[in-house]
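Here is how the chains run, residue by residue.
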Amino acid sequence: MNIVIFGPPGAGKGTQSKFIANKFNLYQLSTGDLLRNEIKNKTQLGSEISSIINSGELVSDEIVSNLIEKFVSNDTYKNQIIFDGYPRTLIQAKNLDNLLKKHKQKIDMVLKLSVSLETVKKRILERQTQEKRADDNEEIAIKRYEMYEKNINPVIDFYKQTNLLKVVNGETAISEISNEIGGLIESIKG
Ligand code: AMP
C-alpha cells in the first residue's frame, strides 16, 4: 500500500511516518529529508536549494517531483511508500497521481495531521534544541506554516474527491495519534 501524510511543520509527520513505516513495513520517503541530504552532501542541487529551505519557502514542484520519481519508478519500493511531506501543492498532487498511474500504483490513504499555529511554534522551539535544523526558529516556523496554509487547500480538495482523505487530530500525545493512525490503516488492509 502507498500512503500520503501531510500537515504543517511540527505536526509530527516525521514521527508518525516512522511509526507507520515500521509497523506496516513501508519505506518512508520524506522530501524534506531528501532535500536536507542534498545540502549536507554539498551537491549542485543542495547549493541551489539551501537558501530557499532556510527561508521557509517551498522548493520548485519540478525539483521535488524529480526526486520522487526515482523512488516511484524503482520496483524495490513498489506499493510500499509513505510519502512524508509530499505533495504540498496541487501541481505535486496531480503529478504524484500521474506518476503512480504510469508505474501501475495508487494511493490507498491520505492522512492529514491537524495542529494549530500555537502548537507548531511550541514544537518547533522544542525540536530546535534537539535537531538544530536551520529552518527551525520561530520566525521561519511561522513562514513555513503560512506556506503550508497557502498551498494545501487545493490539495485537500483534490483528495476529498477521491474519498481517501482522513483527518487526524495532531494535538494529542504521540502514542495516541499513532494508535489512531494504526487503526485507520488496519481498517483498509486486506
Ligand atoms: P519538512 O522537513 O517536510 O518540514 O520540509 C522542510 C523544507 O523542505 C520545506 O520547508 C520546504 O522548503 C522543503 N520541502 C520539503 N518537501 C517539499 C515539497 N513537497 N515541496 C516543496 N518544498 C518542499
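See the structure shown above.
Everything quoted here is computed from the prediction, not taken from an experiment.

About the criteria used
- Residues numbered from 1 in each chain as written.
- Predicted model: local features only at pLDDT ≥ 70, side-chain atom pairs only at ≥ 80, totals over all residues.
- Heavy atoms only, no water.
- Pairing = 2+ DSSP bridges.
- Helix = DSSP H or I, 4+ residues; strand = E, 2+ residues; numbered from the N terminus.
- Axes fitted to C-alpha atoms, helices over the stretch in contact; angles between N-to-C directions.
- Contact = heavy atoms within 4.5 Å.
- Buried < 20%, exposed > 50% of the residue type's maximum accessible area, 1.4 Å probe, protein only.
- Expected span 1.5 Å × (residues − 1).
- Arc of directions from axis to C-beta.
- Near = heavy atom within 4 Å.
- Polar contact = N/O pair within 3.5 Å; in protein donor to acceptor, adjacent residues only side chain to side chain.
- Areas by Shrake-Rupley, 256 points an atom, 1.4 Å probe, with all protein chains shown as cover.
- Nonpolar A, V, L, I, M, F, W, Y, C, P; charged D, E, K, R; others polar.
- Core = buried A, V, L, I, M, F, W, Y, C linked by side-chain atoms within 4.5 Å.

Novice: Help me understand the sheet that holds strand 1 (residues 3–6), please; the structure alone is not making it clear to me.
Specialist: Through backbone hydrogen bonds, the strands of a sheet pair up, either in parallel or in antiparallel fashion. Read from one edge to the other, the open sheet built from 5 strands follows the order 2-3-1-4-5, with strand pairing classed as parallel. Lying at the two open borders of the sheet, with one neighbouring strand each, are strand 2 (27–30) and strand 5 (165–169). Each neighbouring strand pair of the sheet contributes to a mean axis angle of 20°, computed without reference to strand direction. Across 4 bridges, the pairing between strand 2 and strand 3 (residues 81–84) is parallel. The partner of Gln-28 across the bridge, within strand 3, is Ile-82. Against the sheet, helix 7 (residues 138–160) contacts strand 1, strand 4 (109–114) and strand 5, and its axis sits at roughly 150° relative to strand 1.

Novice: What is the right way to look at unusual backbone geometry in this model?
Specialist: Glycine aside, the phi torsion of most residues is negative, and most peptide linkages are trans. At the junction of Tyr-86 and Pro-87, the peptide bond is cis and its omega measures out at 0° in the coordinates. Secondary-structure assignment places Pro-87 in the loop between strand 3 and helix 5 (90–102). In the Ramachandran plot, Asn-79 falls in the positive-phi region, its phi being about 55° despite a non-glycine side chain. Here Asn-163, not a glycine, exhibits a phi torsion of approximately 65°, which is positive. Positionally, Asn-163 belongs in the loop between helix 7 and strand 5. The class for Asn-163 is exposed, based on a relative accessible area of 67%.

Novice: I tried to follow the pairing of strand 4 on my own but got confused; where do I start?
Specialist: Extensive coverage of strand 4 is indicated by the burial of 5 of its 6 residues. Where strand 1 meets strand 4, 4 bridges bridge the pair, whose relative direction is parallel. Directly across from Val-4, in strand 4, lies its bridge partner Val-110. As judged from the 5 bridges shared by strand 4 and strand 5, these two strands associate in the parallel manner. Following the sheet pairing, Lys-112 is matched in strand 5 by Val-167.

Novice: Explain helix 8 (residues 174–188) here, please?
Specialist: Given 3.6 residues per helical turn, the α-helix brings residues three or four places apart onto the same face. Between its first and last C-alpha, helix 8 extends 22 Å over 15 residues, near the 21 Å set by a 1.5 Å rise per residue. By the burial criterion, the buried members of helix 8 are Ile-177, Ser-178, Ile-181, Gly-182, Leu-184 and Ile-185. Buried residues of helix 8, viewed axially, fall in a sector of 165°; they line one side. Within helix 8, the exposed residues directed more than 90 degrees away from the buried face are Ser-175, Asn-179 and Ser-187.

Novice: Would you take a moment to explain the site of the ligand for this structure?
Specialist: As a matter of local geometry, the ligand sits amid 17 residues, with Thr-31, Arg-36, Glu-57, Arg-88 and Gln-92 nearest to it. In this structure, Val-59 approaches the ligand through a main-chain N or O atom, which is 3.2 Å from a nitrogen atom. One of the side-chain N or O atoms of Gln-92 is found 2.9 Å from a nitrogen atom in the ligand. Alone, the ligand offers 480 Å² of accessible surface; in the complex the protein occludes 97% of this. Sort the elements by how many residues they give to the shell around the ligand and helix 2 (residues 31–40) lands first, with 4 residues. Considered class by class, the residues forming the shell around the ligand number 6 nonpolar, 4 polar and 7 charged.

Novice: It is not clear to me how the nonpolar core should be interpreted in this structure. Could you clarify?
Specialist: Considering soluble globular proteins, one finds that nonpolar side chains tend to be buried as a cluster. Residues Phe-6, Phe-83, Leu-96 and Tyr-159 are the most contacted members of the largest nonpolar core, which totals 33 residues. In this view, Tyr-159 contacts Val-4, Phe-6, Pro-87, Ala-93, Leu-96, Ile-107, Val-110, Leu-164 and Leu-165; residues no more than four positions away in its chain are not counted. Core analysis: the next-biggest nonpolar cluster, separate from the first, contains 21 residues, Ile-82, Ile-124, Ala-141 and Tyr-145 among them.

Novice: Please clarify how helix 5 should be interpreted in this entry.
Specialist: Compared with an ideal rise of 1.5 Å per residue, which puts 13 residues at 18 Å, helix 5 spans 18 Å between its outermost C-alpha atoms and is within 8% of the ideal. Turning to helix 5, its buried residues number three or more, namely Gln-92, Ala-93, Leu-96, Leu-99 and Leu-100. Buried residues in helix 5, looked at end-on, bunch into an arc of 130°, giving them a common side. With respect to the buried face of helix 5, the exposed residues turned more than 90 degrees away are Ile-91, Lys-101 and Lys-102. Directly after helix 5, the chain includes Lys-104, whose backbone phi takes a positive value near 55°.

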